[in-house]
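A structural walkthrough
One-letter residues, chain by chain:
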Amino acid sequence: MSEQKKILVVDDDRDLCRMLERYLTVKGFAVDQAYDGETALRLVPKKEYDLIILDIMMPGIDGYDVCGRLKTQREYNHIPIIMLSAKSAEMDIVTGFKTGADEYVTKPFEIQKLMKAINDTMEKRRRAREDLGIKHEIKFEFESRYDYLDKVNELISQLFLRTDLAPDEIWNLKLAMHELGINAIEHGNKLDPKKQVKVSCALYTEKLEFVIEDEGEGFDPSSIPDPTAPEGIRRDRGRGIYLVSQLVDEIEYINGGCMAKMVRHLNKPRRAGAPKGPQ
Ligand SMILES: Nc1ncnc2c1ncn2[C@@H]1O[C@H](COP(=O)(O)OP(=O)(O)OP(=O)(O)O)[C@@H](O)[C@H]1O
Ligand SMILES: [Mg+2]
């Protein structure tokens, strides 16, 4: 079963927004509307949109600005943007593409033309992901509170369903995610609920990749005490990262320590000696 694709329609012309919402809903899409740029930028981090239809002339932040801001952020720059605008001069269209638009449709438009642009853009993105080998991807963010960690486990479960990892191997990966999640909440965001933890997970043909990012000041991973040193035995904390390194194939800190990336290679023999979770 293919998942329902989510489209965000951004236009200060509310009648046009509603018309597109009705039309695209009938075509099987899940549609959200935003009547200005600020609302659009607030909505984008909340859902994983598959496409954005964006007007240019809007009060406040205009469409060029919305597009530019999204296309310069790693988390959002993969979302295709179709600009839909009454600005039809060649210069306007060039500016649209320069700010990162994937397609440009001028108003007034025929709905079939817009529909073709939607289908073509989504297909292009699907091919690009296929070239990268990404089979499934999930991204979300949560406030720095421990109770969200259960939700993380639930959300990442949908990735594991698409692999043939054994239950104890899945348990190991969930444990590793949990350790990094706690570190991001406690050490990174210092339990500040206003700070977010961002998670992105991708299933490639050959590997699973998890990235956890906090909004803290980072740290130097080479400076933390060695948990395997004899005196380390007496400490009751300070083993999270060591444990993770035993549970996954690669762990790397980037962005000055605010971002942890871990990789689990698939299609390889089971790890001997790795800690076992419940069977
Ligand atoms: N996201 C992060 N931001 C800032 N510092 C971090 C982060 N993650 C880890 N650290 C630093 O690395 C140290 C080691 O982390 P590790 O998870 O191994 O142990 P711990 O969290 O102190 O204890 P525990 O064994 O309960 O996990 C932490 O004490 C902290 O100083
Ligand atoms: Mg820890």
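Computed from a prediction, not measured in an experiment: that's the story for all the values here.

1. Regarding the sheet that holds strand β10 (residues 259–265)
- With antiparallel pairing, five strands are arranged side by side in an open sheet as β6-β7-β8-β10-β9. Looking along the sheet, the strands with just one partner apiece sit at the ends: β6 (134–143) and β9 (250–254). In this sheet, adjacent strand axes meet at a mean angle of 15° when their direction is disregarded.
- Of the pairings in the sheet, the one linking β6 to strand β7 (residues 196–204) comprises nine bridges and is antiparallel in character. Paired with Ile 138 across the bridge in β7 is Cys 201.
- Lying on the sheet, helix α5 (residues 111–132) is in contact with β6 and β7; it crosses β6 at an angle near 100°.

2. Side note on the pairing of β9
- As paired elements, β9 and β10 share five bridges and run antiparallel to each other. Counterpart to Glu 250 in the pairing with β10 is Val 263.
- Linking β9 to β10, which pair antiparallel, is a turn of four residues; within it Asn 255 sits at a positive phi near 55°.

3. Quick word on the pattern of salt bridges
- By the definition in use, this model includes 20 salt bridges.
- Of the charged contacts, one joins Glu 143 and Arg 145 as a salt bridge, the two residues approaching to 3.3 Å between their closest N and O atoms.
- Members of the salt-bridge network, linked through shared partners, are Glu 123, Arg 126, Arg 127 and Glu 130.

4. A word on the site of ligand 1
- Glu 179, Asn 183, His 187, Gly 188, Asp 214, Phe 219, Ile 224, Arg 237, Gly 238, Arg 239, Gly 240 and Ile 241 make up every residue found near ligand 1.
- Between ligand 1 and Glu 179 there is a distance of 3.4 Å, counted from an oxygen atom to a side-chain nitrogen or oxygen.
- In the environment of ligand 1, an oxygen atom lies 2.7 Å from a nitrogen or oxygen atom belonging to the side chain of Asn 183.
- Look at ligand 1: alone it shows 600 Å² of surface, and the protein chains cover 80% of it.
- Looking at the shell around ligand 1, the elements that each hand over two or more residues are α7 (167–188) and α8 (240–247).
- Here the shell around ligand 1 is built from residues that sort into three nonpolar, five polar and four charged.

5. Topic: the packing of α7 against α8
- Closest axis-to-axis distance for the α7/α8 pair is 9 Å, and the angle between their directions is 150°. The angle between the axes of α7 and α8 places the two elements in the roughly antiparallel class. For the pair α7 and α8, the crossing hand works out as left-handed. Facing Asn 172, Leu 173, Leu 175, Ala 176, Glu 179, Leu 180 and Asn 183 of α7, the residues of α8 in contact are Gly 240, Ile 241, Leu 243, Val 244 and Leu 247.
- Of the residues assigned to the contact of α7 with α8, the class counts are eight nonpolar, three polar and one charged.

6. Quick notes on the side chain of Ser 200
- Along the chain, Ser 200 falls in strand β7.
- Relative accessible area serves as the criterion here: at 16%, Ser 200 is assigned to the buried category.
- The contacts of Ser 200, once residues within four sequence positions are left out, are Ile 138, Lys 139, Glu 209, Phe 210 and Val 211.

7. Let's talk about the nonpolar core
- Among the nonpolar cores identified, the biggest contains 31 residues, and Met 177, Leu 208 and Phe 210 are the most heavily contacted of them.
- Breaking this core down by element, the ones donating at least two residues are β6, α6 (148–160), α7, β7, β8 (207–213), α8 and β10.
- In terms of residue count, α7 provides more of this core than any other element does, eight residues in total.
- Among residues more than four places away in sequence, those in contact with Phe 210 are Leu 159, Phe 160, Leu 173, Met 177, Ser 200, Cys 201, Ala 260, Lys 261 and Met 262.
- Leu 8, Ile 61, Val 66 and Leu 70 belong to the second largest nonpolar core, which has 22 residues in total.

8. Examining the sheet that holds strand β2 (residues 30–34)
- The strand order across the open sheet built from five strands is β2-β1-β3-β4-β5, with neighbouring strands paired in parallel fashion. Looking along the sheet, the strands with just one partner apiece sit at the ends: β2 and β5 (103–106). Strand-to-strand, the axes of this sheet are offset by a mean angle of 20°, without reference to chain direction.
- One ladder, built from three bridges, connects strand β3 (residues 51–54) with strand β4 (residues 81–85); its direction is parallel.

9. Details of the domain arrangement of the protein
- What the domain assignment reports for the protein is domain 1 (6–132) and domain 2 (134–265).
- Measuring from the centre of the C-alpha atoms in domain 1 to the corresponding centre in domain 2 gives 33 Å.
- Taken together, the contact between domain 1 and domain 2 spans nine residues of the former and 11 residues of the latter.
- Carbon and sulfur atoms make up 36% of the surface buried where domain 1 meets domain 2, a total of about 850 Å² over both sides.
- Considering only the side of domain 1, the residues that lose the most area to domain 2 are Glu 48, Arg 74 and Arg 129, jointly responsible for 56% of the buried surface there.
- In this structure, the connection of domain 1 to domain 2 is made through one salt bridge.
- The salt bridge partner of Glu 137 is Arg 129, with a shortest N-O separation of 2.7 Å.
- Taken together, domain 1 and domain 2 are joined by three residue pairs in polar contact (both at pLDDT 80 or more).
- Here the residues of the side of domain 1 that touches domain 2 are counted per class, giving three nonpolar, one polar and five charged.

About the criteria used
- Residues numbered from 1 in each chain as written.
- Chains lettered and ligands numbered in written order.
- Predicted model: local features only at pLDDT ≥ 70, side-chain atom pairs only at ≥ 80, totals over all residues.
- Heavy atoms only, no water.
- Pairing = 2+ DSSP bridges.
- Helix = DSSP H or I, 4+ residues; strand = E, 2+ residues; numbered from the N terminus.
- Axes fitted to C-alpha atoms, helices over the stretch in contact; angles between N-to-C directions.
- Contact = heavy atoms within 4.5 Å.
- Salt bridge = Lys/Arg side-chain N within 4 Å of Asp/Glu carboxyl O.
- Near = heavy atom within 4 Å.
- Polar contact = N/O pair within 3.5 Å; in protein donor to acceptor, adjacent residues only side chain to side chain.
- Areas by Shrake-Rupley, 256 points an atom, 1.4 Å probe, with all protein chains shown as cover.
- Nonpolar A, V, L, I, M, F, W, Y, C, P; charged D, E, K, R; others polar.
- Parallel < 35°, antiparallel > 145°, perpendicular 65-115°, else oblique.
- Left-handed = near helix turned anticlockwise from the far one by under 90°.
- Buried < 20%, exposed > 50% of the residue type's maximum accessible area, 1.4 Å probe, protein only.
- Core = buried A, V, L, I, M, F, W, Y, C linked by side-chain atoms within 4.5 Å.
- Domains from an automatic or database assignment.
- Buried area = accessible area lost by both parts, 1.4 Å probe.

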